[in-house]
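Below are the chains, spelled out letter by letter.
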8 protein chains.
Amino acid sequence: MSNITAKEDILNLLNKIKAGEVSPEQAVNLLRTETFSDLGYAKVDHHRSLRQGVCEVIFGQGKTPEQIVGILSNMRKNGSHNVLVTRISQQTADFIANSNIPINYHPIPQLGITLSGKELPRVGNIIVASGGTSDMAVCEEAALTAEALGNNVTRLYDVGVAGLHRLLLRLDTLIEARVIIVVAGMEGALPSVIGGLASCPVIAVPTSIGYGANFGGLSALLCMLNSCASGVSVVNIDNGFGAGFIASRINQMKGL
Amino acid sequence: MSNITAKEDILNLLNKIKAGEVSPEQAVNLLRTETFSDLGYAKVDHHRSLRQGVCEVIFGQGKTPEQIVGILSNMRKNGSHNVLVTRISQQTADFIANSNIPINYHPIPQLGITLSGKELPRVGNIIVASGGTSDMAVCEEAALTAEALGNNVTRLYDVGVAGLHRLLLRLDTLIEARVIIVVAGMEGALPSVIGGLASCPVIAVPTSIGYGANFGGLSALLCMLNSCASGVSVVNIDNGFGAGFIASRINQMKGL
Amino acid sequence: MSNITAKEDILNLLNKIKAGEVSPEQAVNLLRTETFSDLGYAKVDHHRSLRQGVCEVIFGQGKTPEQIVGILSNMRKNGSHNVLVTRISQQTADFIANSNIPINYHPIPQLGITLSGKELPRVGNIIVASGGTSDMAVCEEAALTAEALGNNVTRLYDVGVAGLHRLLLRLDTLIEARVIIVVAGMEGALPSVIGGLASCPVIAVPTSIGYGANFGGLSALLCMLNSCASGVSVVNIDNGFGAGFIASRINQMKGL
Amino acid sequence: MSNITAKEDILNLLNKIKAGEVSPEQAVNLLRTETFSDLGYAKVDHHRSLRQGVCEVIFGQGKTPEQIVGILSNMRKNGSHNVLVTRISQQTADFIANSNIPINYHPIPQLGITLSGKELPRVGNIIVASGGTSDMAVCEEAALTAEALGNNVTRLYDVGVAGLHRLLLRLDTLIEARVIIVVAGMEGALPSVIGGLASCPVIAVPTSIGYGANFGGLSALLCMLNSCASGVSVVNIDNGFGAGFIASRINQMKGL
Amino acid sequence: MSNITAKEDILNLLNKIKAGEVSPEQAVNLLRTETFSDLGYAKVDHHRSLRQGVCEVIFGQGKTPEQIVGILSNMRKNGSHNVLVTRISQQTADFIANSNIPINYHPIPQLGITLSGKELPRVGNIIVASGGTSDMAVCEEAALTAEALGNNVTRLYDVGVAGLHRLLLRLDTLIEARVIIVVAGMEGALPSVIGGLASCPVIAVPTSIGYGANFGGLSALLCMLNSCASGVSVVNIDNGFGAGFIASRINQMKGL
Amino acid sequence: MSNITAKEDILNLLNKIKAGEVSPEQAVNLLRTETFSDLGYAKVDHHRSLRQGVCEVIFGQGKTPEQIVGILSNMRKNGSHNVLVTRISQQTADFIANSNIPINYHPIPQLGITLSGKELPRVGNIIVASGGTSDMAVCEEAALTAEALGNNVTRLYDVGVAGLHRLLLRLDTLIEARVIIVVAGMEGALPSVIGGLASCPVIAVPTSIGYGANFGGLSALLCMLNSCASGVSVVNIDNGFGAGFIASRINQMKGL
Amino acid sequence: MSNITAKEDILNLLNKIKAGEVSPEQAVNLLRTETFSDLGYAKVDHHRSLRQGVCEVIFGQGKTPEQIVGILSNMRKNGSHNVLVTRISQQTADFIANSNIPINYHPIPQLGITLSGKELPRVGNIIVASGGTSDMAVCEEAALTAEALGNNVTRLYDVGVAGLHRLLLRLDTLIEARVIIVVAGMEGALPSVIGGLASCPVIAVPTSIGYGANFGGLSALLCMLNSCASGVSVVNIDNGFGAGFIASRINQMKGL
Amino acid sequence: MSNITAKEDILNLLNKIKAGEVSPEQAVNLLRTETFSDLGYAKVDHHRSLRQGVCEVIFGQGKTPEQIVGILSNMRKNGSHNVLVTRISQQTADFIANSNIPINYHPIPQLGITLSGKELPRVGNIIVASGGTSDMAVCEEAALTAEALGNNVTRLYDVGVAGLHRLLLRLDTLIEARVIIVVAGMEGALPSVIGGLASCPVIAVPTSIGYGANFGGLSALLCMLNSCASGVSVVNIDNGFGAGFIASRINQMKGL
């Protein structure tokens, strides 16, 4: 009975109760024990992928290497092999690999991807654009996340608004995208410019890169929220993962 | 030669130059004069709809009734009849109607829609959800925008997190949506909860409704940007129009 | 079947399904229709009082008089007569009274209380203390809320820290309280001083009263959050209702 | 005459003066010397436990190991053996232990508890709930504080709003609590959700855990202050001790 | 001896003292009485134009019509006829005109210019560019100030970044400017884009126009301060006058 | 027994208890009833003038005319005739005068002074300096307060840092002051300049006058707090009364 | 001619010019070279002590040990031996001592005082009060500064508002002070309480000590600026030196 | 065909297309490949110097030494030898030198300048003024940038507003400048004072130097933006490079 999923489980369970297969008391217990494992420090959710439709992710920041390996092991026992582990150090990645969990580590975005043997096939067309070299860690977090979730990704870096011709000469690329992720620090103007040129959804990611009155990314964040271009929505400062995740959902939309 | 569009115009024009049909100097002039009308106070863009793929919108806030009528008249001469006019008063709407431009005015979101004779057919499935009665103006700006752009919209109001059962009993509705717009003021927690239940893109709209430490919508904005639910992106405070516009783009995505 | 409450409803319903009294499909519908009325602009919750253990409250701010009367009428049909309506004008109160709903209106805190015929008996001992005359609207919102919820309230106004002897001479009163609500604007120091003298829970309410660097209540809010006195928790700026509500819950705690 | 307490000392002393047992000048001196020891860097308060009704606490942050040992020694001479020492390093704990003061050190919340030989018996029922693994230090500061003050504590970790079913399946636990402490970083939405489900006082603790636009805990703090759920009050960012202390006061309320 | 100017006055005066023409005590008095008139509510500076090289300006905001007329009259007696009066209402302008001081009032920027009979000849080439119709008041304050100070001004309105082709088609105009003033609200991205295209100094003026997270112009201000384009400096929010003044100084620079 | 003052009352009272003149219980009652009158909305403090050494003040902002007259009447019965009433309208002043309380109203700082028949003699030398005409309301609140408290005041208005010679020519006046109050809005630089020239205490008063990035006086406040000149302390934004009060205390210091 | 002081130098110099003793050109040069030494990285002011009436101070923060020794050496050559050097490390103090400049270093406030052989005699009575042990560095910076400037200082530490009796028992000490410096972090309430009890000027110093919503001292700063007690002015966060300096000026006021 | 510049390239290219020298498709490719080199991590712009008229700059912050050498090498191949590299460590400078790229490193502003063999001749007159020793890093970034761009620079350090005579004695120097850069931390008042004395454009640079309520440079930034002196514009906090760049553009303005 390990196949209870959020989408249909209530009705299924109610029918089983009706059929006398489970008592009401058992039903409540089943729901409690079947849907996640309680590791004490974490409750590992077995059915999130079913409910949310994606490969799993562990936010590595603030977890010990031991906790991460514990969660990964539990997931693997329940069949989840393809897992993103965000914001971990090389040391943590090595610790995971030494725990017999094969992992592919990307040092610039500090992102690990555990290997399932078979990668997801890639579909569609997501652009990750950025204004400068220094935003590359956030860009790669977005791009690798989107790739891990099974999307084709085109990288378009260092096309900032202060050198507009570099962007305009890639106009054809922009126009063919299904989704565009725009990463920018400091002034954060790039999403507005791209949003005015493109006709697909634009996900803007402010970064904390900069100095002075950027106030840890606040300047870019406010600029993006106030964008006059009408197709732009925004995620948290430095949240490359979130942008890649949302872009994947949009890119993989089924037709009407 | 009024059919120059951003997508193909550069190549077209270059070919005409090559063919000697237009001189280089003429080409530059053509681009300048054919793509918009200069009204002095505004440059009306004739081809934005082509480039951005939507019906037109005029941001009414900060424009005089005369300016709005001027822009609307110019648009209509160039074939745009289906125009949203946001944040205008009843008085301005009456002024527009008295200028022989038929307009449908919605007082709660202060939104006017000029009538083209034929409405766009509605497709797909966008939900607009909110936590309280007082956010209704922003909700309706989002919902009416999405409808004007040709989308089916389901309204799910007053399902706030402090009364969770009202939301959970609509779980089936949530799960069937293609896009969900979540509007919330004060604490702004609703998008996180819905983002954890749904598997489609969620557009979060913070509102300025509240008092005390909501600081004009800042509390809801920060809460939404920090959402732990992975599919949530955010637009500006009170920006119902923007949310409706983005949701429309996503809802109308073609399949791969 | 109108007596479904959150606390026991799941088990009850499951048992009825088991007994064949209701089908699983009916169960879901019952839950949806029995627990609240959908007025369009609001979903009136019939069982909140059961689930939260208090008389009902309507936040009046941002609702039209018609909406408030609509909600009140629906509540009364479902048996809730004792309702607080916060932040309404005298005009709205008159409108309610003219709709044949008897209401007692307090102009200083802009608070209305609809009359059920019999008031709740008052128990225990809640103090509402404040530093100055100008915070009286918030004080009275707290005090009247607590009284409406069935608590004895002692008002101790104008005992600010700049005239400490006025406070110290009421030390005996402070020491006998079960809960103390402290309302303060500007510097917000009073809760720390009272928190150091009393041995019961203290609820601090910052107010927006002041000028200059009080920034709409931010100064008092930060001061209270940083209180060195160990028994102080804080509610939103100007949130007299919330403080009265929490104080009532604590005052009415059953013994171990 | 070491038994002067704030609650009755003024009257006692006045009676002794009247009886000629102490002169007015002596009375003032007695008050000054009997109620605390002046260590130069600190004034150790002998009667705070009497006046505030709890075991003692030393805020370790910003004090040298020598100062902490000095204060602890002075307290022990005056009969206080059961002392919480917050925010100290393992090194400081070792230094205390090496000074012949038995101490129990908890590394995650960086909290030490000196041992009195006999622990307080535990009563009642306090829940500490949190949304994620990374808030555990603050959770444990709250939980251990509450336990040291003589309360039963149930830990309910990793029940965040983005995976609502994990929370809902523990509804029965929530409903039986006398007080609930809810710890949350980032978006800070969990207290609102729990506040809507429970009918006991809820103490919300924002944490500084997060990144980007969480601004050191500001996002969670503002979200919690703006909570629509009516039983929620808030303490300072990361203030697990304060939450545990207040929860203890409420849990141990005597019946009316 | 009314021709003491800051540039040479110290040396002149010292020489006169040496020559015995004035006593040291007289020198101090002369400096005090010759350089300004004390009207009580204002000290009218007779030599600011000499010292700062421009026509005079009165900041009208916060002054009564009577005070403004008093200052204007005093200036005119001392030879200053060409005076800008900023941020005054139509009523104040009428009051000035009725006091026999000819004034030219511009209602959009709420700016008055008193007439000296002969206007300054206009030189050079200043562009005032803006992204939207609603920033026009600030644009016109800048443009009219620059014209009053004797500069040619080209207005380039509604060339926002979300419709980039409107800007690019005016590239030749931009490249020929000596100074460019860029006025923008909301996201404030336009100065960065223009700063990347132009090779002359760019003065950026954030405006308070917008809603939501623009926080009274803060979003545009931060965006402009963080501009990646290297020739951009910034003035206060809505400070059209300041921008026009600085642009005039730069435009009128003498060659090396 | 109405002459109990904070300074000596404890010892006096203790001696009376010892002498059997009052019982301990009476002593507590005496303290409670003799030191202030409880008007319900306010506790009027009879001995504050003794304890704080100044004429009384009522903060008018946020009090009704009736409350102010109530407090004034109570004060007058207890011998306080010389009372400042800050931030009241002309209407309130008229209401006070019509209640047979003679009052001198100053419309610019919205300040009333009730007349005691004999004014305090004025001593010493306080300067009130400001940078512009528009700060005059705050300047006059400071100056009139200082005069009412018995100090000589020299007004030095419109000597802002952008026209430094106007200030330097009054250097002799500055150097002879015992205390200088410096009032400035916008940039708030004047206190630093004066602080560097003078050798007496300087009280800086930021004002909320300005626009754009002054954020309600924040810019001036921060500038003044960060002053490099070593003798400058700061009061709240627009707090002319506070500055006048402190300056009076310093001006009237007795010699060592 | 090294005795030019700001107070009389202009008149002196003018008289010498008149007498032909110096030419106007020489006068300007004299002023430039006699009043300070230009060390390149600093302009050492020889007459500041005359003009400002205090011993000298060097702000050590941000200067290299070599620069500090250079400035000290230059001062000593010009007769200034008694110099405070703020915010320097033990290493810098050792470097100064090794450069043959005798210095007394206080590690808690990181403050050095160079020794002149004879200390200033101490006069008057300044209290430095604080609420907790952790503010001691700022307290000592204030106290040592005041002592170095020739004032008697009484330290009154750990008398925070959460333990009011510790403060009240020192009321006699408070009342006898000529100036009180109150240092407080976190909530910053202590200056208000002391300001209400004392009748002398109170200088409030917010500190950055604390955590969570203290935001680097902002909470204490705002609380102090909003103080209801009328004799309180405020200096920058952690600015113990400034408070000691101002207190010294006030303490040493001559009688009228 | 490597001489395509932004100013004339469109017309040139169009003419070549017309002449059949290049096909339209080739034209688009040429534009894409000729104007910059794509290094993957950066797009090196070959013609920025032509389009922007200055020597090149690389923002070193956030780039690896390898990336910087890669960009420098590419530039040198395309003829750019005179390059500023900002915000790099000594280590990075050594790495560059060891890669056979001659570089002149300035440790105080952490600025490197690669050597082209021949320096630009210096013209005009730019002043860099500052209030204190600790702002020297930002000052030197501005001064060295301006010198590298071919301008004469006069340094005027340590002339802060708290010692005004040091500034006034350099009045003649100030008056002769063509542009003045004013660098100031803490209070940021110096640009206002200098702006009132000078008649040339003033570029204000706030610095993050300070402590307490300077909030990372915010105090100086706000002060400068609110300057009452009319010729002052502002760049980002600590942006010495930007100020030097803008000052160079203004200093090198051609006459009308």
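All figures in this text were calculated on a predicted structure; none of them were measured in a lab.

### Some words on the packing of helix α4 (residues 65-77) of chain H against helix α5 (residues 90-98) of chain H
All names here are of chain H.
Then comes step 1: One can describe the packing of α4 onto α5 by two numbers: an axis separation of 10 Å at closest approach and a directional angle of 45 degrees. Of the possible angle classes, the one that applies to α4 and α5 is oblique. Two packed elements cross with a definite hand, and for α4 against α5 that hand is right-handed. Contact residues: α4 offers P65, E66, I68, V69 and L72, while α5 offers T92, F95 and I96.
Then comes step 2: Residue classes in the contact of α4 with α5 are distributed as six nonpolar, one polar and one charged.

### A few points about the relation of the copies chain B and chain A
Then comes step 1: Here chain B sits on chain A after a turn of 180 degrees about the axis and a move of 0.0 Å along it, with an RMSD of 0.0 Å. A rotation of that kind, with that shift, is consistent with a two-fold axis. Rotation axis and chain B: the residue whose C-alpha lies nearest the axis is G255(B), separated from it by 1.8 Å.
Then comes step 2: Interface overlap between copies: 97% of the residues of chain B at the interface are likewise at the interface in chain A, consistent with a symmetric, same-surface contact.

### Looking at the relation of the copies chain H and chain F
Each copy of the chain is related to the other by a rotation around an axis and a translation along that axis.
Then comes step 1: Mapping chain H onto chain F is achieved by rotating through 180 degrees and translating by 0.0 Å along the same axis, at an RMSD of 0.1 Å.
Then comes step 2: Both copies present the same face, since 100% of the interface residues in chain H are matched by interface residues at the equivalent positions in chain F.

### So, the interface of chain H and chain F
Then comes step 1: The partner chain F presents 24 residues to the 24 residues of chain H that form the contact.
Then comes step 2: Buried surface at the junction of chain H and chain F, both sides included, amounts to about 1,900 Å², of which 72% is carbon and sulfur.
Then comes step 3: In terms of surface lost to chain F, no three residues of chain H exceed E187(H), L222(H) and N226(H), which account for 31% of the buried area on that side.
Then comes step 4: Linking chain H with chain F are zero salt bridges.
Then comes step 5: Across the contact surface, chain H and chain F share 12 residue pairs in polar contact (both at pLDDT 80 or more).
Then comes step 6: Only α7 (164-168), α9 (190-197) and α10 (218-225) of chain H provide two or more residues apiece to the side of chain H that touches chain F.
Then comes step 7: At five residues, α10(H) tops the list of elements feeding residues into the side of chain H that touches chain F.
Then comes step 8: The residue makeup of the side of chain H that touches chain F, split by class, is 17 nonpolar, six polar and one charged.

### Describing the pattern of salt bridges
Note on pairing: side chains with opposite charge can pair once their charged atoms come close.
Then comes step 1: Under the defined criterion, the tally for this structure stands at 32 salt bridges over all chains.
Then comes step 2: In this structure, E140(E) engages R155(E) in a salt bridge whose closest nitrogen and oxygen atoms are separated by 2.7 Å. With E140(E) in helix α6 (residues 136-148) and R155(E) in strand β8 (residues 151-156), the pair connects residues that are 15 residues apart, well separated along the chain.
Then comes step 3: The exposure class of E140(E) is buried, given its relative accessible area of 14%.
Then comes step 4: Linked by salt bridges that have partners in common, R122(A), E140(A), E147(A) and R155(A) make up one network.

### Some details on the interface of chain B and chain A
How large an interface is tends to be reported as the accessible area lost when its parts come together.
Then comes step 1: On the chain A side, the residues contacting the 36 residues of chain B number 36 residues.
Then comes step 2: A combined buried area of about 3,300 Å² lies between chain B and chain A, and 60% of that area is made up of carbon and sulfur atoms.
Then comes step 3: Along the contact surface separating chain B from chain A lie zero salt bridges.
Then comes step 4: For the pair chain B and chain A, the interface holds eight residue pairs in polar contact (both at pLDDT 80 or more).
Then comes step 5: Secondary structure elements with two or more residues in the side of chain B that touches chain A: α3 (48-52), β7 (123-130), α9 (190-197), α10 (218-225), β11 (232-234) and α11 (240-251) of chain B.
Then comes step 6: Looking at the side of chain B that touches chain A element by element, the count peaks at six residues for α11(B).
Then comes step 7: Tallied by class, the residues present in the side of chain B that touches chain A amount to 18 nonpolar, 13 polar and five charged.

### Observations concerning the sheet that holds strand β3 (residues 56-59) of chain H
Residues and elements named next belong to chain H.
Then comes step 1: Spatial ordering of the open sheet is given by β3-β4-β6-β5, a layout of four strands whose pairing is mixed. Of all the strands in the sheet, the pair left with one neighbour each is β3 and β5 (103-106). Adjacent strand axes in the sheet meet at a mean angle of 20 degrees, parallel and antiparallel pairs treated alike.
Then comes step 2: Sheet topology note: the strand β4 (residues 83-86)/strand β6 (residues 111-114) ladder contains two bridges and is antiparallel. Each bridged residue has a counterpart across the sheet, and for L84 the counterpart in β6 is I113.
Then comes step 3: Lying on the sheet, α4 is in contact with β3, β4 and β6; it crosses β3 at an angle near 165 degrees.

### Regarding the sheet that holds strand β5 (residues 103-106) of chain A
Residue and element names in this part refer to chain A.
Then comes step 1: In space, the four strands of this open sheet follow the order β3-β4-β6-β5, with mixed pairing throughout. The open sheet has two edge strands with one neighbour each: β3 (56-59) and β5. Along the sheet, successive strands turn relative to each other by an average axial angle of 20 degrees, direction set aside.
Then comes step 2: In terms of strand pairing, β5 meets strand β6 (residues 111-114) through four bridges, oriented antiparallel. Paired with N104 across the bridge in β6 is I113.
Then comes step 3: Along the sheet face, helix α4 (residues 65-77) touches β3, β4 (83-86) and β6 and points at about 165 degrees away from the line of β3.

### What to know about the confidence of the model for chain A
All names here are of chain A.
Then comes step 1: Confidence along chain A averages 83 in pLDDT terms, with 80% of residues attaining 70 or more.
Then comes step 2: In the predicted structure, residues 1-7 sits below a pLDDT of 50 and forms 12 contacts with residues beyond four places in sequence or in another chain.
Then comes step 3: A low-confidence stretch, residues 47-54 (pLDDT under 50), is modelled with 25 contacts involving residues beyond four sequence positions or located in other chains.
Then comes step 4: For this predicted complex, the interface score ipTM comes out at 0.85, while the overall pTM is 0.88.

### So, the packing of helix α6 (residues 136-148) of chain C against helix α11 (residues 240-251) of chain C
All names here are of chain C.
Then comes step 1: Direction vectors running N to C along α6 and α11 enclose 35 degrees, while the axes themselves pass 7 Å from each other. Judged by the twist between their axes, the crossing of α6 over α11 is right-handed. Here α6 contributes V138, E141, A142, T145 and A146 to the contact with α11, which in turn contributes G240, F241, G244 and F245.
Then comes step 2: Its residues placed into classes, the contact of α6 with α11 shows five nonpolar, three polar and one charged.

### Focus on the packing of aromatic side chains
Here a ring pair, both rings aromatic, is described through the centre-centre distance and the interplanar angle of the planes.
Residues and elements named next belong to chain B.
Then comes step 1: If you walk through the whole model with that rule in mind, you get 16 aromatic pairs over all chains.
Then comes step 2: For the ring pair F59 and F241, a centre distance of 5.5 Å and an interplane angle of 90 degrees mean the geometry is edge-to-face. Here F59, found in strand β3 (residues 56-59), pairs with F241, found in helix α11; they are 182 residues apart in sequence, far enough to count as distant.
Then comes step 3: Residue F59 is classed as partly exposed on the basis of its relative accessible area, which comes to 35%.

### Comments concerning unusual backbone geometry
All names here are of chain D.
Then comes step 1: Unusually for a residue other than glycine, R87 sits at a positive phi of about 50 degrees.
Then comes step 2: If you trace the backbone, R87 turns up in the loop between β4 (83-86) and α5 (90-98).
Then comes step 3: The exposure class of R87 is partly exposed, given its relative accessible area of 22%.
Then comes step 4: Positive phi outside glycine occurs at F215, with the angle close to 45 degrees.
Then comes step 5: With respect to the helices and strands, the residue F215 is situated in the loop between β10 (202-206) and α10 (218-225).

Procedures and definitions
Residues numbered from 1 in each chain as written. Chains lettered and ligands numbered in written order. Predicted model: local features only at pLDDT ≥ 70, side-chain atom pairs only at ≥ 80, totals over all residues. Heavy atoms only, no water. Axes fitted to C-alpha atoms, helices over the stretch in contact; angles between N-to-C directions. Helix = DSSP H or I, 4+ residues; strand = E, 2+ residues; numbered from the N terminus. Parallel < 35°, antiparallel > 145°, perpendicular 65-115°, else oblique. Left-handed = near helix turned anticlockwise from the far one by under 90°. Contact = heavy atoms within 4.5 Å. Nonpolar A, V, L, I, M, F, W, Y, C, P; charged D, E, K, R; others polar. Least-squares fit on C-alpha atoms with pLDDT ≥ 70 in both. Buried area = accessible area lost by both parts, 1.4 Å probe. Salt bridge = Lys/Arg side-chain N within 4 Å of Asp/Glu carboxyl O. Polar contact = N/O pair within 3.5 Å; in protein donor to acceptor, adjacent residues only side chain to side chain. Buried < 20%, exposed > 50% of the residue type's maximum accessible area, 1.4 Å probe, protein only. Pairing = 2+ DSSP bridges. pLDDT = per-residue confidence, 0-100. Phe/Tyr/Trp six-rings, centres within 6.5 Å; stacked < 30°, edge-to-face > 60°.

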